[in-house]
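# Structural description and commentary
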Amino acid sequence: MSGENSSADDVQRVWDVVVVGAGPAGASAAYAAAVAGRRVLLLEKAELPRYKTCGGGIIGPSRDALPPGFELPFRDRVHAITFSSNGRFTRTRRSKQMLFALINRAEFDQQLVEHAQKAGAELRTGVTVQRVEQHGSAVPDRRTVAVVLQGGETVLARAVVGADGSASRIGAHVGVKLDQVDLGLEAEIPVPETVAEDWKGRVLIDWGPMPGSYGWVFPKGDTLTVGVISARGEGAATKRYLEDFIARLGLAGFEPAISSGHLTRCRADDSPLSRGRVLVCGDAAGLLEPWTREGISFALRSGRLAGEWAVRIAEAHDAVDTRRQALNYAFAVKAGLGVEMSVGKRLLAVFERRPGLFHAALTGFRPAWRAFKDITRGSTSLGEIVRSHPLAQRGLTALDRTPATPVVPTEEPADS
């Protein structure tokens, strides 16, 4: 429980922290605030469990950010990656240790929410948040935020965390600015046991035909998650890429159980992460890795930070202290995730011009494959590699300036 309760608390319950959105970011924020002993309300517009368009890859940084005692609902463990360049120059790389895990998002998200509830957070589903207000008649004092629900009900909080996804209403309130928007298309394809067995423990990454695009196949038992992603504005070409990709894999004869699309949004460097007593995290803040568009680890890590700093904001007694805590939150996000994002943006710019170079490096250059393995396992990060390896720093700087030239990958096998 929090310390002093104002008279407003007696008239209408005031939560210490209200979290909007029960995905990985929101559940992590709710867990972090609840573990600190605060009164936490987690609001979700859907009924749980619910489907999300997502490859469902859990890399090392995601595993490291999970609550203590969390057991991943594995659908598969990846030990091999097949790389191809728009269907050609196919090479498979193998690893004795697991590279990353594959999960079903509906199960994973549900489990995260249950951990937040066990820590003391209260969950309300089927609730749509229309807006938040920090001034006006709905707000009893300067230490309170009003969360206005569809239908007119108002929920009061000392701090609010917006984790309501890439089309976030809380993000709009904070003024989140975006400078990269991509379209992901995905099909969940049930396959016979013989086909599933062929994919067990192995994923496919295909560098696509449009600049910055790529496709993936992630096996999850008797279902293959097949998807592609590219810059928004190429909708027809992206759809065609997915259709060609599925046909090329010999999967066109199987009926997808689900076909879906999703926009991923990356924040601009100067985008705010807070406004008053409201913080944003995960997709709502535009936090994801720009090159791969991996968002789960960014959601889990920024969600935990948002929950921890929301507790401090809830305890702040004036605007100066609130501002100080919000700035500390922004600093914590930028010092870790922000560094990774800036390197990811540079990598994406190079990848858009020279995808063949990435393919050649990952399939034929051992240090590149080793770095890829270390990043997926969580023993290092993109930012750490560039910071601690002068050669990587010099190489990336040189590539920043290099004009696009076609690179034909080597034909040598690269299993290791």
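All values reported here derive from a predicted model rather than from experimental measurement.

### Some points on the overall build of the protein
Scanning the protein from N- to C-terminus turns up 13 helices and 18 strands. Taken over C-alpha atoms, the radius of gyration comes to 22 Å for the protein, in line with the 22 Å a tight globule of 416 residues would show. Taken over the C-alpha atoms alone, the protein extends approximately 75 × 50 × 40 Å along its principal axes. Going through the 416 residues of the protein one by one, you find that 55% of them count as buried. Partitioning the intrachain contacts of the protein with sequence separation of at least 6 by distance along the chain shows that 75% fall at a separation of at least 24. Total accessible area on the protein stands at roughly 18000 Å², and carbon and sulfur atoms take up 52% of it. The averaged location of the 47 negative side-chain charges in the protein is 5 Å from the averaged location of its 52 positive side-chain charges.

### A look at the sheet that holds strand β16 (residues 258-267)
As summarised here, the arrangement of the seven strands in space is β6-β5-β13-β14-β15-β12-β16, forming an open sheet in which the pairing is mixed. Each having just a single partner strand, β6 (88-94) and β16 make up the two edges of the open sheet. Each strand of the sheet is rotated relative to its neighbour by a mean of 20°, with strand direction disregarded. Strand direction decides the pairing type here: strand β13 (residues 202-207) and strand β14 (residues 214-220), joined by four bridges, are antiparallel. Bridge assignment links Leu204 to a residue of β14, and that residue is Val217. Packed on one face of the sheet, helix α10 (residues 355-364) meets β5 (80-85), β6 and β13 and runs near 35° to β6. Most of the contacts of helix α11 (residues 366-377) go to β5, to which it runs at about 125°, and overall it touches β5 and β6.

### Digging into the sheet that holds strand β7 (residues 100-103)
Strand order in the open sheet formed by three strands is β3-β7-β4, with antiparallel pairing between adjacent strands. Strands at the two margins of the open sheet, each flanked by one partner only, are β3 (57-58) and β4 (74-78). Examined bridge by bridge, β3 and β7 share two bridges and lie antiparallel to one another. If you follow Ile58 over to β7, its bridge partner there is Ala101.

### Some words on the domain arrangement of the protein
Taken domain by domain, the protein consists of domain 1 (15-73 + 97-178 + 271-342), domain 2 (179-266) and domain 3 (353-401). Using C-alpha coordinates to define each centre, domain 2 is positioned 25 Å away from domain 3.

### So, the packing of helix α2 (residues 24-35) against helix α4 (residues 105-118)
Running from N to C, α2 and α4 cross one another at 15°; their axes reach a closest spacing of 8 Å. Comparing the axis directions of α2 and α4 gives the class roughly parallel. As α2 runs across α4, the sense of the crossing is left-handed. Across the interface between the two elements, Pro24, Ala27, Ala30, Tyr31 and Ala34 from α2 touch Arg105, Phe108, Asp109, Leu112, Val113, His115 and Ala116 from α4. When its residues are assigned to classes, the contact of α2 with α4 shows nine nonpolar, one polar and two charged.

Conventions used here
- Residues numbered from 1 in each chain as written.
- Predicted model: local features only at pLDDT ≥ 70, side-chain atom pairs only at ≥ 80, totals over all residues.
- Heavy atoms only, no water.
- Helix = DSSP H or I, 4+ residues; strand = E, 2+ residues; numbered from the N terminus.
- Rg over C-alpha atoms; globule rule 2.2 N^0.38 Å.
- Buried < 20%, exposed > 50% of the residue type's maximum accessible area, 1.4 Å probe, protein only.
- Contact = heavy atoms within 4.5 Å.
- Areas by Shrake-Rupley, 256 points an atom, 1.4 Å probe, with all protein chains shown as cover.
- Lys, Arg positive; Asp, Glu negative; His and termini not counted.
- Charge placed at Lys NZ, Arg CZ, Asp CG, Glu CD.
- Pairing = 2+ DSSP bridges.
- Axes fitted to C-alpha atoms, helices over the stretch in contact; angles between N-to-C directions.
- Domains from an automatic or database assignment.
- Parallel < 35°, antiparallel > 145°, perpendicular 65-115°, else oblique.
- Left-handed = near helix turned anticlockwise from the far one by under 90°.
- Nonpolar A, V, L, I, M, F, W, Y, C, P; charged D, E, K, R; others polar.

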